[in-house]
Amino acid sequence: MQQIQAVGVSMQWIETHLITLYYFKIPNIMFTKTKLSIVLIGLGLLGTYQQTFGQEVHGKANVWYLLLINHKLNDQWNLGSEIHMRYDDWMNSEAQFLFRPYIDFNTKSNPNVVYTFGYTYVKTYPYGDYPLPIGKPENNVWEQITLKHQVNQLKIQHRYRLEQRWQRDISYNDAQNQYELDGTSFSGRFRYRLTMTQLLSDTYFVNVFDELWIRGSNQSLQYDRNWLYVGLGANLSSNYSIQLAYLHQYAQNNPERYERHHGVQVTGSVKI
């Protein structure tokens, strides 16, 4: 059988640096944390807008739907889940489905530092100019820390996430003359997101984020993708809100091929 393997990522480098990043919650090195954010976002934007000779860039417009559900247990614990439906070529081709339950925790001494543990099921469908031969499932678990602070009415969040991913491999069965799922590959990924939310009134707000995704080894970093999101939101009540946003994605498929998408995302948020 011809084996199509997922790209493996060494976890040692990522785990070491994630532990280091946890220390940026200490208030007296806020300036260092700010410099780190500038560097990470700068690298992400550089990856997003770079134009390199000899590299192919492909991709069509996306439409994504996201439902956020949260249930506050008490001042320290919160349960949540995300349901994503993602479409390519506007809504002509199903691209991905994600289900992501999680649990949040913060200490009474520092409620602006939130620790999160979660699980994600991902199903990627054949889509785009270079589609998979069949649908490909993934299961991953992840750990996350979110640091919050506020400048006047501007809310700022720094989110650091470490993912451990188990993706099914796809192989070609010569005897049956078809592709099939065969085996599982493990990989890891690190994500940093800077989010800024500005209230415009009691009802409306602007939400902007940039998220850099990286994979690495003990010796080097490798750009994976970058997301840039600009959205206008409305608080329909104390428990319901909605956002309509522009989302730009720039992802590396391999050293010679990049994937770029301009898209629209509709997000609904429910507190129960």
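This text follows the structure it describes.
K.L.:
So, the overall build of the protein: which residues are in play, and what are the values?
P.N.:
Of the regular secondary structure elements, the protein holds two helices and 13 strands. Across the 272 residues of the protein, 44% fall into the buried class. For the protein, the accessible area works out to roughly 14,400 Å², and carbon and sulfur atoms hold 58% of it.

K.L.:
Requested: an account of the packing of aromatic side chains, with residues and values cited.
P.N.:
Within this structure, the stated rule accounts for 10 aromatic pairs. Judged by centre distance (6.3 Å) and plane angle (50 degrees), the rings of Tyr-102 and Trp-142 are tilted. Placement of the pair is Tyr-102 in strand β5 (residues 93–105) and Trp-142 in strand β7 (residues 136–151), with a sequence separation of 40 residues. A residue is classified by how much of its surface remains accessible, and Trp-142, at 2% relative accessible area, is buried. Positioned over the ring face of Trp-142 is Arg-161, at 4.0 Å from the centre of the ring. Sitting over the ring of Tyr-130, Arg-257 keeps its end group 3.6 Å from the ring centre.

K.L.:
Explain a nonpolar patch on the surface to me, using residue names and the numbers behind them.
P.N.:
The grouping of Tyr-119, Val-141, Trp-166 and Phe-186 at the surface amounts to a nonpolar patch, some 330 Å² of accessible area in total. Here Phe-186 lies in strand β9 (residues 178–199). Judged by relative accessible area, which is 36%, Phe-186 ranks as partly exposed.

K.L.:
If you had to explain unusual backbone geometry to someone new, which residues and values would you point to?
P.N.:
One non-glycine residue, Asp-89, adopts positive backbone phi at about 55 degrees. Within the secondary structure, Asp-89 sits in the loop between β4 (77–88) and β5. The partly exposed category is assigned to Asp-89, whose relative accessible area is 25%. One non-glycine residue, Asn-152, lies in the positive phi region at around 55 degrees. Tracing the chain through its elements places Asn-152 in the loop between β7 and β8 (154–173). A relative accessible area of 68% places Asn-152 in the exposed class.

K.L.:
Outline the side chain of Thr-197, supporting the account with residue identities and numerical values.
P.N.:
Tracing the backbone shows Thr-197 in strand β9. Of note is the side chain of Thr-197, whose polar atom sits 2.7 Å from the side chain of Asn-207. In contact with Thr-197, not counting residues within four places along its chain, are Gln-153, Leu-154, Lys-155, Phe-205, Val-206 and Asn-207.

Rules used throughout
Residues numbered from 1 in each chain as written. Predicted model: local features only at pLDDT ≥ 70, side-chain atom pairs only at ≥ 80, totals over all residues. Heavy atoms only, no water. Helix = DSSP H or I, 4+ residues; strand = E, 2+ residues; numbered from the N terminus. Buried < 20%, exposed > 50% of the residue type's maximum accessible area, 1.4 Å probe, protein only. Areas by Shrake-Rupley, 256 points an atom, 1.4 Å probe, with all protein chains shown as cover. Phe/Tyr/Trp six-rings, centres within 6.5 Å; stacked < 30°, edge-to-face > 60°. Lys NZ or Arg CZ within 6 Å of the ring centre and 35° of its normal. Patch = residues over 30% accessible without salt bridge, like charges linked within 9 Å, V, L, I, M, F, W, Y side chains within 5 Å. Salt bridge = Lys/Arg side-chain N within 4 Å of Asp/Glu carboxyl O. Polar contact = N/O pair within 3.5 Å; in protein donor to acceptor, adjacent residues only side chain to side chain. Contact = heavy atoms within 4.5 Å.

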